[in-house]
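# Chains, contacts and geometry: an overview
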Amino acid sequence: MRNNYIRAIGFAVAISLLLLIANMTVPKTVLSMDQHTWSDQEKAILGSLWIGSLGSLPVDPSNKYSDNPKAAAFGRKLFFEDHFSGNMKVSCATCHREDYSFTDNLPLSHGMDTTPRRSMPLAGVAYNSWFFWDGRTDSLWSQALGPIESKLEHGISRTMSAYIISKYYREEYESLFGPIPEITEDKWPQEARPAQDDPNALKAWVLMTPEQRDAVNRIYVNMGKSIAAFVRTIVPQPSPFDHYVEQVQAADTTNPRMALTNDEVAGLRLFIGKAKCTNCHNGPMFTNSDFHNLGLPQNKKAASDEGRSTAITQVLSSEFNCLGKYSDAHPNECPELRFIDTSDKKYVGAFKTPTLRGVTDRPPYMHAGQFATVREVLEFYRSQAQNPELGHGDLTDKELNQLEAFLHTLSSPVTSLQAEVK
Amino acid sequence: MKRILLVVIASISLLMGCAAQNEPMTGHNEGMTEEHGHGDAKITQHFDDSLTKLTDNNLYSLELVIPNKNLMMGVNTVEIIVHHATGGDVAQGELTVTPWMPGMGHGVMEKPVITERGGGLYSVDNVIFSMTGHWQLQVKVSKDGKEDSTVFDFPEVKAMGHEHSMMKAPPPEDLDYSTMKMTAGDAFTVMYKSTSGKIRINRIHSWELTVKDAAGQPVNNAKITVVGDMPEHGHGLPTQPEVAKIGSGGLYRVDGMKFTMPGWWVVTVSIMANGIHDSVSFNLNLL
């Protein structure tokens, strides 16, 4: 008994001594501080990536219906409507699946046929300046109109779209946009559009009167503006990364329940530091919205793709651009188009930097689905160490693991703010 | 330092074309002229890493020098030194250079611009490769009615930024970030400010420039261009800014400024006024 007592005292003394030594050398608080301590400059970068700095949805001056809840509710119906297709089976939601972060899981998307590129994710799309992988439109509403007339996607015409609106959605449309001119299949050709790929549709379009063409264009544009009013409400929710930034900003770094693990934090450090990912993936949407040629391997199933290079003249000549007659913007409100870089040779094979929010939830990757996993993407970037555009430093396997772990923390539910509106 | 010296000597000898032959240099291989026999015809070579070829009918010896080591997709400059295959410079020859994609059976719309520098040296600017892949440069030489040609082959032209020597050093630590500076030739003082305060990336914004002459008087009749560049990455602004005069007082407004990457940017303002052309570069470090 007495022996036990002495032993206990000895044990206690030993423990105290150990604690004392431990405290003298490496205080415990410092241990946990190191991992989560960020310099002022790093904190500023974390703040710039934080979802809270996204702000409210940017105004689209070219679409006066963009924040109209009725237009958004109408646009939501059109988004899921498969009547707007050549086989009555394709809607916007075919390639922008609500259950897959509003994109699809295919390397090359498939509507009426296989397209040359991968479907883009829609979360936070309203924060873009340019739309599609090559930025060939400068507004969400004009983007929404492209696939409908593409043979590979919806595969119908604007005259057919106007007819479907008049037949199935007349009341809803007219309550928003005013009376529809009398449309019958006899009066206006079903398959008329200003097409470069279909001489018959083009001829039918040209034979219509200017007034008829304008009437059809107005209905078609209003469809696009309604779809855009819905799609712009699709936004990412705060992710574990965002919660972590809030903890760091609140100096809550001794919290035993930090939002990120040690590996994830190490990955974040690489992301904003050595690996230089924020060169292009910057801001709260993790994209600079610019166009870059990464020297990616070509998808053998897709034709060679000039990317941004050919999109420059497309957006400038589009009747649906910000400066066109169907835009609601004052010319001064179109700075991106006004100051567009017309050096097309600089942009051969260049594609838009995509958002990284939710990136691990939606393989495959790159504009033509060249990589099946995030890991393959990271390996590709590592292999491009000598490229000044892509210099990500000499990354070890462990660092690649950490970066991958960090990318998982950008996941969050993708929801439409419009979902509750009936 | 020694390397720089070598490059300088090499450049000088290049600028003089074959003039270096008259005063043979020793000790620097780059400066030496080597001649390889090809029957009666011979190839003359000044540079170790240049490409040499005899034209198809053995009339001329061509030496192709690529200053950036590698040709890449985009706009390139090369230099061609032309000799008679029997020896001697070809001065005042007629040169045509045509970029060609053999696999596609097409070239490019824009033609290279050729300038004779003397001593058999011709610089060829505006050599455009519009895409990646297999390219050729078809070179035709004509002198005193004797025409001959050959083809230089580039099996794999890569995209901008790949393996070309544009890797540049990070910004020097003592970089001058001042917003008011003299132009390089001391002709003007230029001050800039962003009209929306702190410059943030990914936002189109405007700058205001104040331009004064050396005597401190406002310059109101200037023609100004503004170019942005990222020295570490070798690319520029994603926009084409426009400059407009605002009233008098040497004030100008630059609309359409946009930076899409954090880090070191250099914005160069070129000013043409009162018959003087001068420019100034501002450094920016964007978060």
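All of these numbers come straight from a predicted model, not from anything done at the bench. All residue numbers refer to position in the chain's written sequence, counted from 1. A letter from A marks each chain and a number from 1 marks each ligand, given out in the order of writing. It should be noted that, the model being predicted, local features are given only for residues of pLDDT at least 70 and side-chain atom pairs only at 80 or more, the latter also being counted only at that level, while totals for whole chains, interfaces and linings use all residues.

### Brief notes about the overall build of chain B
The line we're drawing: Runs of H or I in DSSP of at least four residues are treated as helices and runs of E of at least two as strands, each being numbered from the N terminus. For every residue pair, C-beta atoms are placed from the backbone, and the pair is scored as a contact if these atoms sit within 7 Å.
Within chain B, the secondary structure is distributed over one helix and 20 strands. Contacts spanning at least 24 positions in sequence make up 56% of the contacts within chain B whose residues lie at least 6 apart.

### Looking at unusual backbone geometry
Rules: Any residue surrounded by 20 or more other C-beta atoms within 10 Å of its C-beta is treated as buried, while 12 or fewer makes it exposed and the intermediate range makes it partly exposed; C-beta atoms here are placed from the backbone.
Cis peptide bonds are those with omega within 30 degrees of zero, and the linkage from Pro363 of chain A to Pro364 of chain A qualifies with -5°. Phi at Ser289 of chain A takes a positive value of approximately 55°, unusual for a residue other than glycine. Exposure remark for Ser289 of chain A: the 22 C-beta atoms within 10 Å place this residue in the buried category. Non-glycine residue Asn274 of chain B carries a positive phi angle of around 50°.

### Remarks on the sheet that holds strand β12 (residues 180-182) of chain B
All names here are of chain B. Basically, it comes down to this: Pairing between two strands requires that DSSP report at least two bridges joining them. Axis definition: a line fitted to C-alpha atoms, limited for helices to the stretch in contact. Angles are taken between N-to-C directions and run from 0 to 180 degrees.
Taken together, the five strands give an open sheet; going across it, the order is β12-β13-β14-β18-β17, and neighbouring strands pair in antiparallel fashion. At either end of the open sheet lies a strand with only one pairing partner, and these are β12 and β17 (242-245). Strand after strand, the sheet turns through a mean of 25° between neighbouring axes, direction not considered. Across seven bridges, the pairing between strand β13 (residues 188-194) and strand β14 (residues 205-213) is antiparallel. Within β14, the position partnered with Tyr192 by the bridge is Leu209.

### As for the packing of helix α12 (residues 262-272) of chain A against helix α16 (residues 397-408) of chain A
Residues and elements named next belong to chain A. Operational definition: Comment on the angle field: the value is read as roughly parallel under 35 degrees, roughly antiparallel over 145, roughly perpendicular from 65 to 115, and oblique elsewhere. Only Asp, Glu, Lys and Arg are considered charged in this grouping, and only Ala, Val, Leu, Ile, Met, Phe, Trp, Tyr, Cys and Pro are considered nonpolar; every other residue, Gly among them, is considered polar.
Their axes nearest at 7 Å, the elements α12 and α16 cross at an angle of 100°. For the element pair α12 / α16, the angle class is roughly perpendicular. Between α12 and α16, the residues in contact are Asp263, Glu264, Ala266, Gly267, Leu268, Leu270 and Phe271 and Glu399, Gln402, Leu403, Ala405 and Phe406, respectively. A breakdown of the residues in the contact of α12 with α16 according to their chemical character gives seven nonpolar, two polar and three charged.

### A few points about the sheet that holds strand β20 (residues 276-286) of chain B
Residues and elements named next belong to chain B. The four strands lie next to each other as β16-β15-β19-β20, forming an open sheet whose pairing is antiparallel. The open sheet has two edge strands with one neighbour each: β16 (235-236) and β20. Examined bridge by bridge, strand β15 (residues 223-230) and strand β19 (residues 263-273) share seven bridges and lie antiparallel to one another. Within the sheet, the bridge partner assigned to Thr225 lies in β19 and is Ser270.

### Section: the environment of Met223 of chain A
Residues and elements named next belong to chain A. As for its position among the elements, Met223 is in helix α10 (residues 210-231). Taking the C-beta count within 10 Å as the criterion, Met223 has 27 such neighbours and is therefore assigned buried. In this structure the C-alpha to C-alpha distance between Met223 and Thr114, which are 109 residues apart in sequence, comes to 24 Å. Those residues in contact with Met223, other than ones at most four positions away along the chain, are Leu78, Ser161 and Ile165.

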